[in-house]
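Residue-level structure breakdown
Listed below are the residues making up each chain.
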Amino acid sequence: MPWILGLNTGFAHDASATLIGEGRIVLAVEEERLDRVKFGRGFPRLAIERCLKTAGIGWGGLDAVGFNVDPWRMFRANLAFNLRFLVKPRAFTYAAFYLGSSLAPLLSDLREAEKIRRATEGTLKPDFLDHHLCHAASAFYASPFEEAAILTIDQRGEDISASASLGRGTTMTRLRTVHWPDSLGMLYLSLTLHLGFQVGDEYKVMGLAAYGAPAYAEAFEDLLQDDRRGGFRLNPAYFDYLGVERCFSKKFYAVFGPRRRRDEPITTRHRDIACSLQQRLEEVLVSMAEHLHRETRVPNLCLAGGVAFNSVANGALLRRSPFRRIFVQPAAGDAGTSLGAALWLAHQRFRQPRYAPMTHAFLGPAFTEEQIEATLQTCKVAYTREPQIAVRVARLLADGAVVGWFQGPLELGPRALGGRSILADPRRLDMKDLLNRCVKHREAFRPFAPAVLAERATEYFECDHPSPFMLFVYPVRPEKRRAIPAVTHVDGSARVQTVRREDQPLFWELISAFERLTGVPMVLNTSFNVDGEPIVCTPTDAIRSFFGAGLDYLAIGTFLVSKHPAADPGAALSSLALSEPSSG
Ligand SMILES: [Fe+2]
């Protein structure tokens, strides 16, 4: 059984490492969770160190190392694209800057690859793999499907921004690609910036879309064109210089108006642009999926790339495309390309049979009860031991508490799925405001998500398709919306996580206990991070964030830490929540 290390070397963001050995994924973790710097640019040194330490091996113990991008192809694509702009005076500075900055990741990857080669005295020469191949492998090989169509859609890999393939067993056959600068990921990012948000805030635009009307639908039809051959193109008339923040032409500004500054209020225009963009994205994705289905005639679809995080579009694909089952792995973005690189090498280079499908995201570092208790004692934190921690937390949630839930290994990907979560009562109308104000410090329009018992999901949501990684948005049944207001978005939808007992026994037990107390088989689940930090990884991270935010309890392993030593802490919290004015 080969030992294989897959790397996202952070040429854009979400640097990560994945180690495969003994026929399974041994560890997969993003660099940001370890170095505590959000988005993890740069070589994932700490993630690699953690992978090798977990397996008890050094570089010499590895059989292969795969990088998630071909840096030479990336540089050549940058060169080809930017050269034409060097002759334009206004674009010269941007073109020169981006050409220069694209040299850095090339040199970094070459330098790191050389270090690995030297560390193993030349026996190990890293492979530079095609970026979209890594995306495709991360989805298909991790999926439960023997046969599936595969769509990968992101901002860009080397010179590719989308690809369509057919996966069968351990083979993947590429059917077509869409080339940069036509890019759905870049379009969504550019509009995110235009609406006054930042890089990485695309999900905020997705949330904002529910508040708007498709007033710009026609304009987006002209801007983003369906080529009816399974691809798309961006109308160049709307773009002045692609690939940078200020990429739009005069025509774009004439149609969509000026860019919103971050401190400006969000108006109807902004909401309508978000809504129209989201609607057009869904139309194009459904059209691409329909074409791919006609070609492949298979019932299953795998999605990867940053655009696969658009859970509203994923829900639309499920309802409106011919595919019956859709698999999106939890690290659909670039963090997952380290997993894809490792899986591709395992199945293609080493001819390994397919591994067990990915049914959970708990692939990161884990901590023993002894380690957790030692940290609590070192930090001089008072705690109690709770043999029935799930039942105890369910009671606290039902009484109105907000609880940090730290159990088992860290999740891979940007969603907390019951390993590093903040939990609350989904029935409380005021819970969304309370969490936004006291814990998450984020925009009031962003929805919170429910984690629901898988076997009870269809009672509340209009879909029976599994959503274990919180990557599909489903309509909440109209008659249930008033029962779970804290997790129902303004348009009556919810970003659902379905929880199966066999995948997450302790989390399932907690939700079951909550259901016995309240009749509602779900809890509100949001990621255990505060103030723009990455999701907590270690017990120390969790304790720091617990005391730095408006959480009431921390359930960490079987230990419970409280900020409410009073006899009836839940009641105290409920009155606090209800007495404070809504932040709107
Ligand atoms: Fe990507």
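Residues numbered from 1 in each chain as written. Predicted model: local features only at pLDDT ≥ 70, side-chain atom pairs only at ≥ 80, totals over all residues. Heavy atoms only, no water.

Some words on the coordination of the iron ion
To be explicit about the condition: Counted as donors are the N, O and S atoms within 2.8 Å of the metal, or 3.2 Å for Na, K and Ca, while water is not among the atoms, so some sites may look incomplete. In DSSP terms, a helix is any run of H or I states spanning at least four residues, a strand is any run of E spanning at least two, and both are numbered starting from the N terminus. Three exposure classes are used, based on accessible area relative to the maximum for each residue type with a 1.4 Å probe and protein chains only: buried under 20%, partly exposed in between, and exposed over 50%.
Every protein donor of the iron ion is listed here as His 131 (NE2), His 135 (NE2), Asp 154 (OD) and Asp 334 (OD), and their distances to the metal cover 2.1 to 2.2 Å. Read from N- to C-terminus, the donor residues coordinating the iron ion fall into the pattern H-x3-H-x18-D-x179-D. Taken together, the positions of His 131 in helix α5 (residues 131-140) and Asp 334 in the loop between β12 (325-328) and α12 (336-349) put the pair 203 residues apart, joining distant regions of the chain. For Asp 334, a relative accessible area of 7% corresponds to the buried category.

Here's the deal with the pattern of salt bridges
For clarity, the threshold we go by: Any carboxyl oxygen of Asp or Glu that lies within 4 Å of a side-chain nitrogen of Lys or Arg is treated as forming a salt bridge with it.
Following the criterion strictly, the structure yields 30 salt bridges and no others. Among the salt bridges present, the one from Arg 456 reaches Glu 459, with a minimum N-O distance of 2.6 Å. The network of salt bridges with common partners includes Arg 73, Asp 130, Glu 158, Asp 159 and Arg 174.

What to know about the layout of surface pockets
Counted only if it meets this: As defined here, a cavity is a set of points on a 1 Å grid over the protein atoms alone where a 1.4 Å probe fits but cannot get out. A pocket is an open set with protein on both sides within 12 Å along at least five of seven lines, and residues line them when an atom is within 4 Å of a point. Grid points are joined across faces, edges and corners, and a volume is the space filled by probe spheres set on the points. Each residue is assigned to one class: nonpolar for Ala, Val, Leu, Ile, Met, Phe, Trp, Tyr, Cys and Pro, charged for Asp, Glu, Lys and Arg, and polar for all the others, Gly among them.
Empty space within the second largest pocket amounts to approximately 310 Å³. What lines the second largest pocket is a set of 19 residues, among which Arg 325, Phe 327, Met 358, Pro 466 and Pro 468 lie closest to the centre. Counting residues per element, the lining of the second largest pocket draws most heavily on β12, which supplies 4 residues. Among the residues forming the lining of the second largest pocket, the class breakdown is 12 nonpolar, 4 polar and 3 charged.

Focus on the nonpolar core
To keep things clear, this is the line we draw: Only buried residues count toward a nonpolar core, which is a set of Ala, Val, Leu, Ile, Met, Phe, Trp, Tyr and Cys residues joined through side-chain atoms within 4.5 Å. Residue contacts are defined here by distance: any two heavy atoms, one from each residue, within 4.5 Å place the two residues in contact.
Membership of the largest hydrophobic core comes to 156 residues, with the highest contact counts inside it found for Leu 184, Leu 223 and Phe 461. Take this core: its biggest share by element is 10 residues, from helix α10 (residues 268-296). For Leu 223, the residues in contact, after removing those within four places along its chain, are Leu 187, Arg 233, Leu 234, Asn 235, Tyr 238, Phe 239, Phe 252 and Phe 256.

Remarks on the packing of aromatic side chains
The relative placement of two aromatic rings is captured by the distance of their centres and the angle of their planes. Going by this rule: Any Phe, Tyr or Trp ring, taking Trp's six-membered ring, that has another such ring centre within 6.5 Å forms a pair; planes under 30 degrees apart are called stacked, those over 60 apart edge-to-face, and the others tilted.
All told, the structure shown has 18 aromatic pairs when counted by the stated rule. Measuring from ring centre to ring centre gives 6.3 Å for Phe 367 and Phe 406, while their planes differ by 45 degrees; the resulting arrangement is tilted. Placement of the pair is Phe 367 in the loop between α12 and α13 (369-378) and Phe 406 in strand β14 (residues 403-406), with a sequence separation of 39 residues. Taking relative accessible area as the criterion, Phe 406 reaches 2% and is therefore assigned buried. Grouping aromatic residues by their ring pairs yields a cluster made of Tyr 216, Phe 220, Tyr 238, Phe 239, Phe 248, Phe 252, Tyr 253 and Phe 256.

Points about the sheet that holds strand β20 (residues 553-556)
Put simply, the test is: Pairing between strands is defined by DSSP: at least two bridges between the two strands are required. Helix axes use the C-alpha atoms of the stretch in contact, all axes being lines fitted to C-alpha atoms, and the angles between their N-to-C directions lie in the range 0 to 180 degrees.
Sheet architecture is open: 9 strands sit in the order β13-β21-β20-β14-β15-β19-β16-β18-β17, paired in mixed fashion. Single-partner strands in this sheet number two, and they are β13 (384-385) and β17 (472-475). Note: β20 against strand β21 (residues 559-562), 4 bridges, orientation antiparallel. Bridge pairing in β21 links Tyr 553 to Ser 562. Sheet strands in contact with α13 are β13, β14, β20 and β21, and its direction is about 25 degrees off that of β21. Along the sheet, helix α14 (residues 389-398) contacts β14, β15 (420-424), β19 (522-527), β20 and β21; its crossing angle with β14, the most-contacted strand, is approximately 160 degrees.

Regarding the sheet that holds strand β1 (residues 4-8)
Backbone hydrogen bonds hold the strands of a sheet together, and the pairing may be parallel or antiparallel. Taken together, the 5 strands give an open sheet; going across it, the order is β3-β2-β1-β4-β5, and neighbouring strands pair in mixed fashion. Only two strands of the sheet have a single partner each, and these edge strands are β3 (24-30) and β5 (127-128). Across the face of the sheet, helix α2 (residues 45-55) comes into contact with β1, β2 (16-21) and β3 while running at roughly 20 degrees to β2.

Let's talk about the side chain of His 489
Structurally, His 489 can be placed in the loop between β17 and β18 (493-499). Those residues in contact with His 489, other than ones at most four positions away along the chain, are Gly 207, Ala 210, Tyr 211, Phe 445 and Pro 447.

Some words on the pairing of β19
With 6 of its 6 residues buried, β19 lies for the most part within the structure. Across the two faces of β19 the burial is the same, with Met 522, Leu 524 and Thr 526 and Val 523, Asn 525 and Ser 527 all buried. Direction of pairing for strand β16 (residues 449-453) relative to β19: antiparallel, over a ladder of 4 bridges. Counted as the bridge partner of Ala 449 is Asn 525 from β19.

Here's the deal with the side chain of His 465
Our working definition: Side-chain atoms alone can form a polar contact between residues adjacent in sequence; in general such a contact is a pair of N or O atoms within 3.5 Å, and within protein one must be able to donate a hydrogen while the other accepts it.
Here His 465 shows up in the loop between α16 (457-460) and β17. Classification of His 465 as buried rests on a relative accessible area of 7%. A distance of 3.0 Å separates a polar side-chain atom of His 465 from the backbone nitrogen of Ile 326. Among all residues touching His 465, those that are not within four sequence positions of it are Leu 318, Arg 324, Arg 325, Ile 326, Phe 472 and Tyr 474.

A short note on helix α6 (residues 184-194)
Counting buried residues in α6 gives 11 out of 11 residues, a clear majority hidden from the surface. If you check which residues of α6 are buried, you get Leu 184, Gly 185, Met 186, Leu 187, Tyr 188, Leu 189, Ser 190, Leu 191, Thr 192, Leu 193 and His 194. The opening residue of α6, the one whose side-chain oxygen lies 3.5 Å from the backbone nitrogen of Gly 185, is Ser 183. Just downstream of α6, Gly 196 is the residue with a positive phi angle, here 90 degrees.

So, empty space enclosed by the protein
Under the defined criterion, the tally for this structure stands at 1 cavity of 30 Å³ or more. Of the voids in this model, the largest cavity is the one considered here, and its volume is about 50 Å³. Forming the walls of the largest cavity are Leu 151, Ile 153, Leu 285, Leu 303, Ala 304, Val 307, Ala 308, Asn 314 and Leu 317. Those elements that provide at least two residues to the lining of the largest cavity are β6 (147-153), β11 (300-304) and α11 (311-320). Class assignment of the residues belonging to the lining of the largest cavity gives a composition of 8 nonpolar, 1 polar and no charged.

Considering the environment of Thr 359
By the secondary structure assignment, Thr 359 is in the loop between α12 and α13. Sequence-wise, Thr 359 and Glu 502 are 143 residues apart; in three dimensions their C-alpha atoms are separated by 9.3 Å. What Thr 359 contacts, discounting residues up to four positions off in sequence, is Phe 469, Arg 500 and Asp 503. Among the polar contacts made by the side chain of Thr 359, one reaches the side chain of Asp 503 at a distance of 3.3 Å.

Overview of the confidence of the model for the protein
Rules: The predictor's confidence in any single residue is recorded as pLDDT, a number from 0 to 100.
In this model, the protein carries an average pLDDT of 91, and 93% of its residues clear a pLDDT of 70 or more. Note on residues 567-584: pLDDT under 50 across the span, and 27 contacts to partners over four residues away in sequence or across chains.

Quick notes on α13
Selection criterion: What the arc measures is the spread of directions leading from the helix axis to the C-beta atoms.
Turning to α13, its buried residues are Ile 372, Thr 375 and Leu 376. Projection of α13 onto a plane perpendicular to its axis shows the buried side chains occupying an angular sector of 100 degrees, all on one side. Residues Glu 370 and Thr 378 are exposed on α13 and point more than 90 degrees away from its buried face. In this fold, the buried residues of α13 make contact with β14, α18 (539-548), β20 and β21. The positive-phi residue at the C-terminal boundary of α13 is Lys 380, with phi of around 55 degrees.

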